[in-house]
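# Summary of the model geometry
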Amino acid sequence: MIQYQEPSTMEMSTIGIQKYTASLELLAPAGSAAAARAVIHAGADAIYLGGEYFGARASADNFTSSRLLEMIDYAHLYGRKVYLTVNTLLKQQEMDMLYDYLLPFYEQGLDAVIVQDFGVMCNIRRCFPDLPIHISTQMSVADVCGAAYLKHLGASRVVLARELSLDEIRSIHNEVDIEIECFVHGALCYCYSGQCLFSSMLGGRSGNRGRCAQPCRLPYTVLDEHRHRISETDCYPLSPRDLCTLGQLEELVRAGITSFKIEGRMKSPEYAAGVTAIYRKYLDACGEVPFRQPEGKDMRYLLETGNRSGFTPGYYHQHNGPDMITLKGSAYVKGDAPYLDKVRKTYVQQETKIPVQGNIRLRTGQPAEFTVSARGVTVSVRDDPVSAAVSQPVSREMVIQQLSRTGNTCYTMESVEITMDEYIFLPKQILNRLRRNALDGLTKEFSEPHRRKAPPQPFGSFSGEKASGKMERVSDEPPYFTVVVEEKSQLAAVLEYDYISRIYLDCSMYGDNLTGELTRHITKIHAAGRLAYFVFPAVFRRKTACFYETHWQQLEQTGIDGYLAADMDVLGFLDQRLADKSRCVLGHGLYAWSDETKDCYRERGWLYDTIPLELNRKELTARDNRTGELVIYGYTPLMISAQCILRTLGSCKGTKRLCYLKDRYAKEFPVKNNCRECYNIIYNSQPLSLIRLSGEAAAICPGAYRLHFTIESGAQVRAILDGCRQAFFEKRTPDMDAVTGICTKGHFKRGVE
């Protein structure tokens, strides 16, 4: 385990922080081949890019397979690394493509893959054991618990949630021996990355598939719980300013960050290279005492490359705040200034040549020999013997001239030492051939160390039973029913219905005195012959993890039967504490779109999951749902955010409240605030309801049906449960519109691309 210690002031003043910064990496976006070359020449240590499939920027000018292979070699020529984004969720048929897709890049020498899907991570670790895995920010890792768990499973780096403070990052660095990557510049998401379904549910363009339509950049009216205006006019409460940390780099270094990531695969080569060049300048200066503060001209240059209502320093020193939000507009502005022209001419339109030192030996009667050296690599080539000159001998000037013609290669002949006899003859074509062969040899020497042989084991040899077509039930037992309650009045109503087998108690119902009222609720549930499960917070950061570490024994002593885990951090927390992992159900944010991913969870003891919200009926029918719970009713959470809409508008009172976002179509999205953990959940404007589709729901063979109550009153809960009983037990069609108003079927019919 790494135990990081802050260097003393004396140490900093004498040796700087070079030993703390020696392995730092500036990671730049490459949305195109032009951008990739530009950021390499602007000073990036590594680039991240997407291929033809599975990348979270589906609209970028992504690389074809052949171009990606070329780019891997090109980056390695300059001593840089290439990371491939495989950071979307994969459907069943796509898992079967993944091995063949990755294999040529693996053989070529790809330096790492960035992943979101748990099944993708586990499969790559098993099939390509020496290929480094970087956990995408889409996996929403926000604490030691998640980072340690993923490290244990084979991850070498974690791209942390952008919402973390420096203290939280430092805790992870201190306790987990894993590389830490963080964003330092570019666009911010309003939602914790990977937990956003806003674009997906509204328009079918899923952020989990790289197709986000950015509804966060649209105007909304904010209403209180009584539907009265909080905002005087329409505003942009979900639109963050762009991140800029140029003045915080030294603090970020000391917190333990390994890789400094620039956002921008959808942006121009000029933007990517311009930002990279400035961050290169200041990252290199981190060892200076005192630390070099950003110059005014460099901040202007960054603004000229592009910004959204200026910049914010992000979450490193504040949890949230109105100054982080554009509020009055969301337009992205960029200048056509001299700096961009300079970037274009310096990094985009030309490339930095690799300097080569040459040494040629021309002795009469001996083979012509040319040796070249670059970046510590030396190559020697030979050609035909040198002959004596009959009439016109070769001049030293002609030799240098021919050997210096490097043309369109990435090399420039910096110097040539010549050892040659007088009165010799050698055709120009031999000199040209010597040069070409020597430079080709250099290229090969730079590339060959990265090459790998194909691994022996393909994907797909799992020990668990796999799905094949439509799943059949393993017994005659029908699916059971579970209910999530977020309000105490809902619990009383649910207990009146004997067909409910399991009740999930949301953590938001309980204060710091967690176990007192929770114990009373569990006692009531057990007295009614039901099981009681506890729903952990949707965000599990350090403060929250410490709270539950302190109260764990008390929580277990309440008689709780099990838990619903929202994210990877909760899963890591429970992995260390639950002997029987079957007591845990994976929430919908722990995505398991494919049977391979389900199997990967199952192999590690996690047997039960929430059936994916973004797959359609056909896709779900081909999935093994026998240990999954199908959500048949509830307001779908669209966003989980560290920001607080009420605080942004100056209305936060630090207490649990309900407000609404009203969009341009007059749809109203409920927003609930969790003040203890300090996050907002924005719910869909219409509840999901599959109650009238009971026959179609049964056809996907779920293990259970789940109803999730959020803002419903006790009377509404009863009416919905009555309708559910009519549909599933009495085989009648209930009038759900009269109970809930207009509902949505979510993705049950349409799915996502």
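### Thoughts on the overall build of the protein
Each helix and strand in the protein was counted, giving 25 helices and 32 strands. Relative to the globule expectation of 27 Å for 753 residues, the C-alpha radius of gyration of the protein, 30 Å, shows essentially globular dimensions. Put simply, 72% of the contacts in the protein that link residues at least 6 apart link residues at least 24 apart. Accessible surface, the protein as shown: approximately 29500 Å² in total, 48% of it carbon and sulfur. Distance from the positive charge centre (89 side chains) to the negative charge centre (89 side chains) of the protein: 3 Å.

### Quick word on helix α8 (residues 166-175)
One turn of the α-helix equals 3.6 residues, which is why residues spaced by three or four share an orientation. Within α8 the residues assigned to the buried category are L166, E168, I169, S171, I172 and H173. Packing partners of the buried residues in α8 comprise α7 (144-152), β7 (179-186), α10 (249-254) and α18 (542-557).

### Looking at the sheet that holds strand β29 (residues 668-674)
If you trace the five strands from one edge of the open sheet to the other, you get β8-β28-β29-β30-β27, paired in antiparallel fashion. Taken across any chain shown, the strands that pair with only one partner, and hence form the sheet edges, are β8 (221-223) and β27 (637-641). Strand after strand, the sheet turns through a mean of 25° between neighbouring axes, direction not considered. In this sheet, strand β30 (residues 679-683) lies alongside β29 in antiparallel orientation, the contact comprising four bridges. Bridging across to β30, K672 finds its partner in I681.

### Structural notes on the nonpolar core
Within the largest apolar cluster, 230 residues are counted, with the highest numbers of intra-cluster contacts made by F534, F536, L574 and L707. For this core, the element with the highest residue contribution is helix α11 (residues 269-284), accounting for nine residues. Setting aside residues no more than four positions away along its own chain, F534 makes contact with L505, C507, Y510, L514, L518, Y548, L555, I560, G562, Y563 and L564. If you look at the next biggest cluster of nonpolar residues, it comprises 10 residues, including A46, V159, F183 and L188.

### Description of the pattern of salt bridges
It is possible for side chains of opposite charge to pair when their charged atoms get near one another. The final tally for this structure, using the stated rule, is 50 salt bridges. The closest approach of N and O atoms between R157 and E25, which form a salt bridge, is 2.8 Å. With a gap of 132 residues between them, R157 in strand β6 (residues 157-159) and E25 in strand β1 (residues 25-29) connect regions that are remote in the sequence. Residue class for R157 comes out buried when judged on its relative accessible area of 3%. A salt bridge links D167 to R170; the nearest nitrogen and oxygen atoms lie 2.9 Å apart. Of the two residues, D167 and R170 are both situated in helix α8; the distance of three residues between them amounts to about one turn of the helix. Classification of R170 by relative accessible area gives partly exposed; the value is 22%.

### Overview of the packing of aromatic side chains
Scanning the model with the defined rule gives 31 aromatic pairs in all. Ring plane angle 40° and centroid distance 6.4 Å describe the contact between F198 and Y220, whose orientation is recorded as tilted. Highlighted residues: F198 in helix α9 (residues 198-203) and Y220 in the loop between α9 and β8, separated in sequence by 22 residues. The class of Y220 is buried, set by a relative accessible area of 2%. On the basis of an interplanar angle of 5° and a centroid distance of 4.3 Å, the ring pair of Y301 and Y339 is categorised as stacked.

### As for the environment of C546
Within the secondary structure, C546 sits in helix α18. Residues C546 and G154, 392 residues apart in the sequence, show an inter-C-alpha distance of 25 Å.

### What about the packing of helix α4 (residues 65-77) against helix α5 (residues 92-108)?
At a closest axis distance of 9 Å, the pairing of α4 and α5 adopts a crossing angle of 20°. On the basis of the axis angle, α4 is roughly parallel to α5. Relative to α5, α4 is oriented so that their crossing is right-handed. Residue-level contacts link S65, L68, L69, I72 and D73 of α4 to P104, F105 and Q108 of α5. Here the contact of α4 with α5 is composed, by residue class, of five nonpolar, two polar and one charged.

### Structural notes on unusual backbone geometry
Despite not being glycine, S140 has its phi angle at roughly 60°, a positive value. Residue placement: S140 occurs in the loop between β5 (133-135) and α7. Accessibility expressed as a relative area gives 6% for S140, which makes it buried. Positioned with a positive phi, C701 is a non-glycine residue whose angle comes to about 55°. Note on placement: C701 falls in the loop between α23 (694-699) and β32 (704-709). The class for C701 is buried, based on a relative accessible area of 8%.

### Remarks on the sheet that holds strand β15 (residues 367-374)
Pairing between the strands of a sheet is mediated by backbone hydrogen bonds and can be parallel or antiparallel. Reading across from one edge, β16-β15-β14-β18 is the order of the four strands in this open sheet, with mixed pairing throughout. If you trace the sheet from one side to the other, it starts and ends with β16 (377-385) and β18 (411-420), each paired once. Recorded for the sheet is a direction-independent mean angle of 20° between the axes of neighbouring strands. Across five bridges, the pairing between strand β14 (residues 354-362) and β15 is antiparallel. Bridging from a neighbouring strand, G358 pairs with V372 of β15. Sheet contacts for helix α14 (residues 396-403): β14, β15 and β18; angle to β18, the most-contacted strand, approximately 150°. This element, helix α15 (residues 428-447), spans β14, β15, β16 and β18 of the sheet and lies at about 150° to β16.

### Focus: the side chain of T544
Mapped onto the elements, T544 comes out in helix α18. Beyond its immediate chain neighbours, meaning those up to four positions away, T544 contacts P537, V539 and E677.

### Describing the packing of helix α6 (residues 118-127) against helix α20 (residues 595-603)
Following both chains from N to C, one finds α6 and α20 inclined at 75°, their axes separated by 8 Å at the closest point. Taken together, the axes of α6 and α20 lie roughly perpendicular to each other. Contacts from F118, G119, C122 and N123 of α6 reach α20 at E596, T597, C600 and Y601. Across the contact of α6 with α20, the residue classes break down as four nonpolar, three polar and one charged.

### Notes on the state of the cysteines
With the rule as written, the count across this model stands at zero disulfides. No disulfide involves C189; its sulfur sits 6.7 Å from the nearest other cysteine sulfur, which is in C216.

### Focus: the environment of Y271
Along the chain, the position of Y271 falls in helix α11. Spatially, the C-alpha atoms of Y271 and A38 are 9.8 Å apart, while their sequence positions differ by 233 residues. Excluding residues within four positions of it along the chain, Y271 makes contact with H185, G186, E263, G264, T305, G306 and Y332.

Scoring rules and cut-offs
- Residues numbered from 1 in each chain as written.
- Predicted model: local features only at pLDDT ≥ 70, side-chain atom pairs only at ≥ 80, totals over all residues.
- Heavy atoms only, no water.
- Helix = DSSP H or I, 4+ residues; strand = E, 2+ residues; numbered from the N terminus.
- Rg over C-alpha atoms; globule rule 2.2 N^0.38 Å.
- Contact = heavy atoms within 4.5 Å.
- Areas by Shrake-Rupley, 256 points an atom, 1.4 Å probe, with all protein chains shown as cover.
- Lys, Arg positive; Asp, Glu negative; His and termini not counted.
- Charge placed at Lys NZ, Arg CZ, Asp CG, Glu CD.
- Buried < 20%, exposed > 50% of the residue type's maximum accessible area, 1.4 Å probe, protein only.
- Pairing = 2+ DSSP bridges.
- Axes fitted to C-alpha atoms, helices over the stretch in contact; angles between N-to-C directions.
- Core = buried A, V, L, I, M, F, W, Y, C linked by side-chain atoms within 4.5 Å.
- Salt bridge = Lys/Arg side-chain N within 4 Å of Asp/Glu carboxyl O.
- Phe/Tyr/Trp six-rings, centres within 6.5 Å; stacked < 30°, edge-to-face > 60°.
- Parallel < 35°, antiparallel > 145°, perpendicular 65-115°, else oblique.
- Left-handed = near helix turned anticlockwise from the far one by under 90°.
- Nonpolar A, V, L, I, M, F, W, Y, C, P; charged D, E, K, R; others polar.
- Disulfide = S-S within 2.5 Å.

From the geometry alone we can't say anything about function, so treat these as descriptive.
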